[in-house]
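Understanding the architecture of this molecule
Each chain is listed here by its residues.
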Amino acid sequence: MIFFTFINIFLTTLYRNIIRKTLAVMREGGRNLKHIVMVGLSPAATSYIDRIKLNPQWGYRMHGIFDDNMKEGDNYRGVPWIGGTDMVEGYLSENNLDETIITLDIKEYDKLERIVGICEKSGTHTKFVPDYYNFISTQPYIEDLSGLPVINIRNVPLSNTGNKLIKRLMDIVGSIAAIILFSPVMLVVALLIKCTSKGPIIFSQVRVGLHNEEFKMYKFRSMRVQTAEEEKKGWTTKNDPRVTGIGRFIRRTSIDELPQFFNVLKGDMSIVGPRPHMLHHTEVYGSLIDKYMVRHFSKPGITGWAQVTGFRGETKELWQMEGRVERDI
């Protein structure tokens, strides 16, 4: 088995490199190429051409672009304008091409059916690059609804029942283990909070969770008891006078977050996910940041990708919240 493994890896690597080198030499000499034309100069088209130019080893030779908004002498990165979309049929009948890439601007989709018909009639392989990648995620997926293709704008892995069950099981086991493991620490902190300041040991606050539903998130109280108006002030700042002595320590060490394992056990939160924000912040940032509400496609977490990459705590600038949201998504 060991002998076979090493021989297999060696021969597979050798074979692939020989094929790669052979194709590169052939394509440099003008052989083994795919001859293509593009119909429509849209953002999707420019992105397609950019990728082709960056990867000559793919073996594409671009003959030109058909577009109704370009004129004689226009080109994009050396790919010339051939003519308007009304010239596609004649060109395809006179030239032997491998592929036609339809990259119409989304505003020109009324021409799509006619152009697809022309391309199919000509016998060339036809590809369609939709001009909506700027508002659809990089990993959309298509489901079949009794023969009708339906594009899901965003692939949410936890919408899969199997994935959801596995993650929930991990949350239950993980939260129980954490509660048992940290119970001595939580007991000591609870006594210190009770002995050093007036008020409840646990502080609860309404946050926004899965599917924009509200829930009460638990923390050890690290600040003096406040009025409802004071609570609306927002995130704490450095040297915030509202923070108690023991509160400053448990905030710095994140011990104040330990009661959230009970939120996880209840099912309001997950161990890993986007941090839940207050109602006020959700309203404000939901209108300022594109795709902000996508954070609520999954349960909020005790920690997440944003937190472990430095986007945690006080947020003064909009770009900081944008960075956090990008990582949350």
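The structure contained in this document is the topic of the report that follows. In this text the structure is predicted, and so the values were computed from the model without any measurement. (Residues numbered from 1 in each chain as written. Predicted model: local features only at pLDDT ≥ 70, side-chain atom pairs only at ≥ 80, totals over all residues. Heavy atoms only, no water.)

We now examine the nonpolar core. Ranked by size, the top nonpolar core spans 17 residues in total, and within it Val189, Ile193, Phe220, Ile250, Leu258, Phe261 and Met269 carry the most contacts. Breaking this core down by element, the ones donating at least two residues are α5 (161-196), β10 (214-220), α7 (245-252) and α8 (260-266). Broken down by element, this core gets its largest block of residues, six residues, from α5. Apart from the residues within four sequence positions on either side, Met269 is in contact with Asp171, Phe215, Met217, Gln260, Asn263, Val264, Arg275, Pro276, Lys299, Pro300, Gly301 and Ile302. Core analysis: the second largest hydrophobic core is formed by 13 residues, Phe66, Leu92, Ile102 and Cys119 among them. (Core = buried A, V, L, I, M, F, W, Y, C linked by side-chain atoms within 4.5 Å. Buried < 20%, exposed > 50% of the residue type's maximum accessible area, 1.4 Å probe, protein only. Helix = DSSP H or I, 4+ residues; strand = E, 2+ residues; numbered from the N terminus. Contact = heavy atoms within 4.5 Å.)

Helix length check: helix α1 (residues 2-28) (27 residues) gives 39 Å between terminal C-alpha atoms against 39 Å at 1.5 Å per residue, within 8%. Phi turns positive one or two residues past the end of α1, at Gly30, with a value near 85°. (Expected span 1.5 Å × (residues − 1).)

This part takes up the environment of His211. Relative to the assigned elements, His211 resides in the loop between β9 (202-208) and β10. For His211, a relative accessible area of 55% translates into the label exposed. It is 7.6 Å that separates the C-alpha atoms of His211 and Ser298, two residues lying 87 residues apart in sequence.

This part is about the packing of aromatic side chains. Enumeration over the complete set of coordinates arrives at three aromatic pairs. On the numbers, 5.3 Å between centres and 75° between planes, the contact of Phe66 with Tyr91 is edge-to-face. Of the two residues, Phe66 is situated in strand β2 (residues 60-66) and Tyr91 in helix α3 (residues 88-94); the sequence distance between them amounts to 25 residues. Comparing Phe66 with Tyr91, the two get one shared label, buried. One Lys or Arg, Arg295, reaches over the ring of Tyr292 and ends 5.4 Å from the middle of that ring. (Phe/Tyr/Trp six-rings, centres within 6.5 Å; stacked < 30°, edge-to-face > 60°. Lys NZ or Arg CZ within 6 Å of the ring centre and 35° of its normal.)

Moving on to the side chain of Gln307. With respect to the helices and strands, Gln307 occurs in helix α10 (residues 305-308). Setting aside residues up to four positions removed in sequence, Gln307 forms contacts with Gly273, Arg275, Arg312 and Arg324.

Once that is clear, we can look at the layout of surface pockets. Over the atoms, a rolled probe matching the size of one water molecule traces out where space is still vacant. As a volume, the second largest pocket reaches approximately 480 Å³. Surrounding the second largest pocket, 23 residues form its lining, Val156, Pro157, Ser298, Asp328 and Ile329 being those nearest its centre. Elements with a minimum of two residues in the lining of the second largest pocket: α10 and α11 (318-328). (1 Å grid on protein atoms, 1.4 Å probe; cavity = no way out; pocket = protein on both sides within 12 Å on 5 of 7 lines; lining within 4 Å. Points joined across faces, edges and corners; volume = space filled by probe spheres on them.)

A separate point is α7. Inspection of α7 places Ile246, Gly247 and Ile250 among the buried residues, and these make up the whole buried set. In a view along the axis of α7, the buried residues occupy a sector of 100°, so they form one face of it. Exposed residues pointing more than 90 degrees away from the buried face of α7 are listed as Gly245 and Arg252. Packed against the buried residues of α7 are α5 and β10. Taking the backbone nitrogen of Gly247 as reference, a side-chain oxygen 3.0 Å away marks Thr244 as the first, capping residue of α7. Phi turns positive, to about 65°, at Ser254, one or two residues after α7. (Arc of directions from axis to C-beta. Polar contact = N/O pair within 3.5 Å; in protein donor to acceptor, adjacent residues only side chain to side chain.)

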